[in-house]
Amino acid sequence: MIWVLTLSLITIVSVVAGLRNRKVVYFFLPFASVFAFMLVKVIMVPLPFLDTVRFIFQLRG
């Protein structure tokens, strides 16, 4: 739950900063933080990295 609040706060702050400063780079920050969060979670799995990525993409819904 703390991660959801943190990523939401990053999104809100970066959107406000992007609108105030009119810089596109601020709108990239939420995507980068979510990507970094997912990468850390994948790295935390005790399997080799490539096996974990293959397993994730082989899952069918």
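Residues numbered from 1 in each chain as written. Predicted model: local features only at pLDDT ≥ 70, side-chain atom pairs only at ≥ 80, totals over all residues. Heavy atoms only, no water.

(A) Broad picture of the UniProt feature "transmembrane region" (unreviewed entry) in the protein. The UniProt entry lists residues 28-50 under the feature "transmembrane region" (unreviewed entry), expressed in the numbering used here. Secondary structure content for residues 28-50 is 78% helix and 0% strand, while the C-alpha to C-alpha distance between its ends is 26 Å. (UniProt positions renumbered as here; feature names shortened; annotations may be inferred. Helix = DSSP H or I, 4+ residues; strand = E, 2+ residues; numbered from the N terminus.)

(B) Region of the structure containing the packing of helix 1 (residues 2-21) against helix 2 (residues 25-43). One can describe the packing of helix 1 onto helix 2 by two numbers: an axis separation of 7 Å at closest approach and a directional angle of 160°. One finds that helix 1 runs roughly antiparallel with respect to helix 2. The chirality of how helix 1 crosses helix 2 is right-handed. Contacts between helix 1 and helix 2 involve W3, L7, I10, T11, S14, V15, A17, G18, L19 and N21 from the former and Y26, F27, L29, P30, S33, V34 and F37 from the latter. Its residues assigned to classes, the contact of helix 1 with helix 2 shows 12 nonpolar, 5 polar and no charged. (Axes fitted to C-alpha atoms, helices over the stretch in contact; angles between N-to-C directions. Parallel < 35°, antiparallel > 145°, perpendicular 65-115°, else oblique. Left-handed = near helix turned anticlockwise from the far one by under 90°. Contact = heavy atoms within 4.5 Å. Nonpolar A, V, L, I, M, F, W, Y, C, P; charged D, E, K, R; others polar.)

(C) Representation of unusual backbone geometry. Phi angles above zero are rare outside glycine, and R22 is one such case at about 55°. With respect to the helices and strands, the residue R22 is situated in the loop between helix 1 and helix 2.

(D) A look at a nonpolar patch on the surface. A contiguous nonpolar patch, built from V34, F35, M38, L39, I43, F49 and L50 and spanning about 670 Å² of accessible area, is present on the exposed surface. Counting only elements with at least two residues in the nonpolar patch, the list comes to helix 2 and helix 3 (49-58). The element that contributes the greatest number of residues to the nonpolar patch is helix 2, accounting for 5 residues. Its place among the elements puts M38 in helix 2. (Patch = residues over 30% accessible without salt bridge, like charges linked within 9 Å, V, L, I, M, F, W, Y side chains within 5 Å. Areas by Shrake-Rupley, 256 points an atom, 1.4 Å probe, with all protein chains shown as cover. Salt bridge = Lys/Arg side-chain N within 4 Å of Asp/Glu carboxyl O.)

(E) Structural context of the packing of aromatic side chains. As enumerated under the stated definition, the model contains 1 aromatic pair in all. Between W3 and F37, the ring centres sit 5.3 Å apart and the planes meet at 45°, which makes this aromatic pair tilted. You can see W3 sitting in helix 1 and its partner F37 sitting in helix 2, a full 34 residues away along the chain. On the basis of relative accessible area, F37 is assigned to the partly exposed category, the value being 24%. (Phe/Tyr/Trp six-rings, centres within 6.5 Å; stacked < 30°, edge-to-face > 60°. Buried < 20%, exposed > 50% of the residue type's maximum accessible area, 1.4 Å probe, protein only.)

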